[in-house]
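# Inside the fold
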Amino acid sequence: TWHLKKVPQIVSERTFSLDSPTFKAKPRLELNSVCGIECQRKLPVPSLSDLKDILSYETVFENGTRTLTEVNVLGLMLDPAENATARTSLRRKRQIYGTDSRFSIYDKRFMTNFPFNTAVKVSTGCSGILISPRHVLTAAHCLHDGKDYVKGSKRLRVGLMKTKSRGNGRKRKGARRNGVPAFQWTRVKSTHIPRGWFKGVSGDIALDYDYAVLELKRPHKRKYMELGISPTIKMMPGSMIHFSGFDNDRSGQLVYRFCSISDESNDLFYQYCDAEPGSTGSGVYLRLKEPNKKKWKRKIIAVYSGHQWVDVNGEQQDYNVAVRITPLKYAQICFWINGNDENCTRG
């Protein structure tokens, strides 16, 4: 069941203008993070002043101007809870683990319907997910490498799936009857990235804050997926997660996968879902029961951050990681969507 939680309030204190970014960074589809599972377990719980700094955010507008908004966090209960659960075994250094268990979605009845129609393509080469009539959630590193904005993020666009039939209307012999996805591209009006992505608690890029929200120039008229607060592994049916994105090795195809989570920290899920670059930024979702109802509901509980190499006990180890939507991140993303915190008190 989805459990309603009281969410801390994030309120903006003041906004400054910053110099325009140079947009010169190279997009990186794979990140090398210094802080792996072992290191994450030992990280201190951030203090309130750390959190105010981490959750302050940069906004870049379509014309290249940039602002920094400082925030305050109200009603926060700092929870020095245990930072992780089960341990994982070493895996081979691959992004496809054993048999490739991804599904390409061809049938347009699925492609253009919920939940698959919430997946979008970001023009820098990543995926994303629709979270409101005009907002898209994706990974921060699709837009910014920790030091500068990536090339191509100045004129950012989002591709929403539409299906087109192949050929010029006449059926070719042997042609697939279902459509292939084409994209209807929409310009991005502004992007929000938390400062935690730029500096991190450890002074290095912190994967914990690898998320960003894009505001579209005009609203789309599709069903979007709501945000949810990520439950712990124990509270998930079969500890299974699902996500769909546009993997580079299956050009033009929407690729869906599901797998179970192997490990978690306060901010990250570690899993071995088969995924290739291009699916980074996909919304990771779950289907749970609505409280006191018989209805089931899918909600986004994490952002797929991609394939990571980390140093664990002196050895390079790999895993796929997703950034959890904690109550604080829920409050921040909800504030970005609504422009105020009135609709963001319970997640």
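Residues numbered from 1 in each chain as written. Predicted model: local features only at pLDDT ≥ 70, side-chain atom pairs only at ≥ 80, totals over all residues. Heavy atoms only, no water.

To be explicit about the condition: UniProt positions are given in the numbering used here, feature names are shortened, and annotations may be inferred rather than shown by experiment.
By the naming in an unreviewed UniProt entry, the protein goes by Inactive serine protease 35 and is assigned to Crypturellus soui. As its UniProt record puts it under Sequence similarities (unreviewed entry), the protein is described as follows: "Belongs to the peptidase S1 family." Among the UniProt annotations of the protein, the heading Subcellular location (unreviewed entry) holds the following wording: "Secreted".

## Concerning the packing of aromatic side chains
Defined as follows: In summary, the pairing rule links any two rings of Phe, Tyr or Trp, Trp by its six-membered ring, whose centres are within 6.5 Å, and it sorts them by plane angle into stacked for under 30 degrees, edge-to-face for over 60 and tilted for everything else. To qualify as a helix, a DSSP run of H or I must reach at least 4 residues; to qualify as a strand, a run of E must reach at least 2; elements of each kind are numbered from the N terminus. Only protein chains enter the accessibility calculation, which uses a 1.4 Å probe; a residue is then buried when its area is under 20% of its type maximum, exposed when over 50%, and partly exposed in between.
Taken as a whole and judged by the stated rule, the model has seven aromatic pairs. With centroids separated by 5.9 Å and ring planes inclined at 55°, the aromatic side chains of Phe23 and Tyr149 adopt a geometry described as tilted. Residue Phe23 is located in the loop between β1 (9-18) and β2 (31-32), and its partner Tyr149 is located in the loop between β8 (135-138) and β9 (157-164); the two are separated by 126 residues in the primary sequence. Residue classification places Phe23 among the buried residues on the basis of a relative accessible area of 9%. By relative accessible area, Tyr149 is classed as buried at 2%.

## Let's talk about the pattern of salt bridges
Stated precisely, the cut-off is as follows: Any carboxyl oxygen of Asp or Glu that lies within 4 Å of a side-chain nitrogen of Lys or Arg is treated as forming a salt bridge with it.
Taken as a whole and assessed by the stated rule, the structure comprises nine salt bridges. Its salt-bridge partner being Glu62, residue Arg187 comes within 3.2 Å of it at the nearest N-O pair. Residue Arg187 is located in strand β10 (residues 180-194), and its partner Glu62 is located in the loop between β3 (57-61) and β4 (66-74); the two are separated by 125 residues in the primary sequence. Owing to a relative accessible area of 36%, Arg187 belongs among the partly exposed residues under this scheme. When salt bridges that share partners are traced, they join Glu62, Arg187 and Lys217 into one network.

## Let's talk about the state of the cysteines
As a reminder, the rule being used: Disulfides are defined in this document as cysteine sulfur pairs within 2.5 Å.
According to the stated counting rule, one finds one disulfide in the structure shown. Linked covalently through their sulfurs, Cys126 and Cys142 form a disulfide whose S-S length is 2.1 Å. Between Cys126 and Cys142 the sulfur-sulfur dihedral comes to about -95°; the bridge is accordingly left-handed. Taken as a pair, Cys126 in strand β7 (residues 126-130) and Cys142 in the loop between β8 and β9 lie far apart in primary sequence, 16 residues in all. Take Cys126: its relative accessible area is 2%, and that puts it in the buried class. Under the relative-accessibility criterion, Cys142 is labelled buried at 2%.

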